[in-house]
Amino acid sequence: MSIKSTDNQYVAHTYKRFDISIVKGEGALCWDDSGKEYIDMTSGIGVNSFGYSDPVWADAVAEQAKLLQHTSNLYYTAPCAELAEILCTRTGMSKVFFGNSGAEANECAVKVARKYAAEHKGEEYYNIITFNKSFHGRTLTTLAATGQDGFHHLFTPLTEGFLYSDAEDIEGLEKLVRDNKVAGVLLETVQGEGGVNLMSTEFLQAVEKLCRDNDILFMIDEVQTGNGRTGSLYSYRQLGLHPDVVSTAKGLAGGLPMGACLMNEKCADVLSYGDHGSTFGGNPVCAAAAISVLNRMDDAFLAEVKKKGDYIREKLTEAGYAVSGLGLMVGITTEKPVSEVLSKCIENGVLCLSAKEKLRLLPPLNIAWDQLEKAVAVIIEALN
Ligand SMILES: Cc1ncc(COP(=O)(O)O)c(C=O)c1O
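Residues numbered from 1 in each chain as written. Predicted model: local features only at pLDDT ≥ 70, side-chain atom pairs only at ≥ 80, totals over all residues.

1. Side note on the overall build of the protein chain
- Looking only at helices and strands, the protein chain features 14 helices and 17 strands.
- A compact globule built from 384 residues would reach a C-alpha radius of gyration of about 21 Å, and the protein chain, at 21 Å, matches this within 12%.
- When the backbone C-alpha atoms are referred to their principal axes, the protein chain occupies close to 60 × 50 × 45 Å.
- Buried residues in the protein chain amount to 49% of all 384 residues. (Helix = DSSP H or I, 4+ residues; strand = E, 2+ residues; numbered from the N terminus. Rg over C-alpha atoms; globule rule 2.2 N^0.38 Å. Buried ≥ 20, exposed ≤ 12 C-beta atoms within 10 Å, placed from the backbone.)

Spelled out as structure tokens, the structure:
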């Protein structure tokens, strides 16, 4: 049986896969089972920060796997402690909880906000405000946080206590805060799945101020925007924001499952013994991978990410297409149906993504310039 037919028979049909079976990869390139080569402008939906099977990353993973792969969170391990120190030092946050995915990082954020509010104002202050067109995960709580009805259909009742506001509507948000007992606001600075929509700095700063004035937690979901993707380690840093909680995952461990919920000094000690946990959270192999990823993301590397994002924007704008996003998180408004553009790109050896009706690019952050130039040329041809 082929990979495709075995998969179709035995794997739950929750994914609409392209008709491609990827068998190996190297950097931004990968090959299917017929030997066809692709330039990958998806990086596993923003996960493979350094592309496929990067040798430095693979060595870090293999060395740790040979030394100690897992212990449980009953014991201390060096990679977990070291990664927490790197994350807190580089972000100015105070503590981190490790999970395995973006959804779990957001679950933790919701628990922190609710417990903080319960202790400071009362248990009835449990509401979390998120935004229409947001995406925060697939668990029943993070689905509730996701401001898109389509994802909720047939899975109700979801976790109670989520309210939705519109991006750029500060009066609407103020009214929600005034009329409800609110614990926190959770947002993506660039809504990824919702169409690569960048919120304005002015709006984001107004949200932060509203949270401060009302002593509610200002929480940023950096699952997709984080770990270098937008040209700074976390997008909030280039937008002049000071969140209380930051959730992240995807590119953090460069291709292994890891999520993190960072808390500033205001809420660092909200969670105490027994409040939260995860069997695999902070797993030594995933933590070693993340250390290797973060240690390579210095200022020069991040500046290059920005430069590559600018290059894509410049070329597509020149070709007459509207581009959204930040850094190497790119959304392109297409004239043809996006599925047609994706198919044409695949035919010509380039893998891309969609987000709503837009074409979306999330290439590996270290994609070589010649590969980037070639991929952009193929994309423009497919768009025209
Ligand atoms: C902004 C954002 N938050 C949360 C998630 C959920 O992450 P995961 O699929 O790792 O649970 C995603 C996934 O696309 C995301 O883009």
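2. A closer look at the site of the ligand
- Taken together, 14 residues lie near the ligand, and Ser-101, Gly-102, Ala-103, Val-223 and Gln-224 sit nearest.
- Here the residues of the shell around the ligand are counted per class, giving 4 nonpolar, 7 polar and 3 charged. (Near = placed C-beta within 6 Å. Nonpolar A, V, L, I, M, F, W, Y, C, P; charged D, E, K, R; others polar.)

3. Here we look at the packing of helix H13 (residues 338-347) against helix H14 (residues 369-383)
- Direction vectors running N to C along H13 and H14 enclose 135°, while the axes themselves pass 9 Å from each other. Viewed along their axes, H13 and H14 adopt a mutual orientation that is oblique. In the crossing of H13 with H14, the sense of the turn from one axis to the other is right-handed. Contact residues: H13 offers Val-341, Lys-344 and Cys-345, while H14 offers Val-378, Ile-379, Ala-382 and Leu-383.
- Along the lines of polarity and charge, the residues of the contact of H13 with H14 split into 6 nonpolar, no polar and 1 charged. (Axes fitted to C-alpha atoms, helices over the stretch in contact; angles between N-to-C directions. Parallel < 35°, antiparallel > 145°, perpendicular 65-115°, else oblique. Left-handed = near helix turned anticlockwise from the far one by under 90°. Contact = placed C-beta atoms within 7 Å.)

4. Thoughts on the domain arrangement of the protein chain
- Taken domain by domain, the protein chain consists of domain 1 (3-53 + 298-383) and domain 2 (68-295).
- For domain 1 and domain 2, the distance between their C-alpha centres works out to 26 Å.
- Taken together, the contacts link 23 residues of domain 1 with 23 residues of domain 2.
- Taken together, the elements giving at least two residues each to the side of domain 1 that touches domain 2 come down to helix H2 (43-46), helix H12 (299-318), strand E13 (323-326), strand E14 (329-332) and strand E17 (358-361).
- Considering each element in turn, the side of domain 1 that touches domain 2 owes the most residues, 4 residues, to H12. (Domains from an automatic or database assignment.)

5. Quick notes on the nonpolar core
- Core analysis: the largest hydrophobic core is formed by 110 residues, its most contacted members being Val-112, Ala-113, Leu-217, Val-245, Cys-261 and Ala-290.
- Top contributing element to this core by residue count: helix H11 (residues 284-295), with 9 residues.
- Taken domain by domain, this core gets at least three of its residues from each of domain 1 (3-53 + 298-383) and domain 2 (68-295).
- When neighbours within four sequence positions are excluded, Val-112 is seen to be in contact with Leu-217, Val-245, Cys-261, Met-263, Cys-267, Val-270 and Leu-271. (Core = buried A, V, L, I, M, F, W, Y, C linked by C-beta atoms within 7 Å.)

6. Some words on the sheet that holds strand E15 (residues 350-351)
- In spatial order, the strands read E1-E2-E3-E15; together these 4 strands make up an open sheet with mixed pairing. Strands at the two margins of the open sheet, each flanked by one partner only, are strand E1 (22-26) and E15.
- The pairing of strand E3 (residues 37-40) with E15 spans 2 bridges and is parallel. Among the inter-strand pairings, Ile-39 is bridged to a residue of E15, identified as Val-350. (Pairing = 2+ DSSP bridges.)

7. Here's the deal with H11
- With 12 residues, H11 should reach 16 Å at 1.5 Å per residue; the first-to-last C-alpha distance of 16 Å fits that figure.
- Taken across its 12 residues, H11 has 10 buried, putting it largely inside the fold.
- Among all positions of H11, only Val-285, Cys-286, Ala-287, Ala-288, Ala-289, Ala-290, Ile-291, Ser-292, Val-293 and Leu-294 are buried.
- Buried positions along H11 lie against helix H3 (55-67) and helix H4 (78-91). (Expected span 1.5 Å × (residues − 1).)

8. Here we look at H3
- Taking 1.5 Å per residue as the helical rise, H3 with its 13 residues ought to reach 18 Å, and the 18 Å between its terminal C-alpha atoms agrees with that figure.
- Among all positions in H3, only Trp-57, Ala-60, Val-61 and Gln-64 are buried. Each buried residue of H3 sits inside an arc of 95° when the element is viewed along its axis, so together they form one side. For H3, the exposed residues set more than 90 degrees away from the buried face come down to Pro-55, Asp-59, Ala-62, Glu-63 and Lys-66.
- Check the buried side of H3 and you find it contacts H4 and H11. (Arc of directions from axis to C-beta.)

9. A look at unusual backbone geometry
- Along the chain, Thr-156 connects to Pro-157 via a cis peptide bond; the corresponding omega equals 0°.
- Looking at the secondary structure, you find Pro-157 in the loop between helix H7 (149-152) and strand E6 (162-165).
- Of note, the phi angle at Ser-72 is positive, near 85°, even though the residue is not glycine.
- Within the element layout of this structure, Ser-72 appears in the loop between H3 and H4.
- Ser-72 gets classed as exposed once you count the C-beta atoms within 10 Å, which come to 11.
- The phi angle at Lys-356 is positive, at roughly 50°, despite the residue not being glycine.
- If you trace the backbone, Lys-356 turns up in the loop between strand E16 (353-355) and E17.

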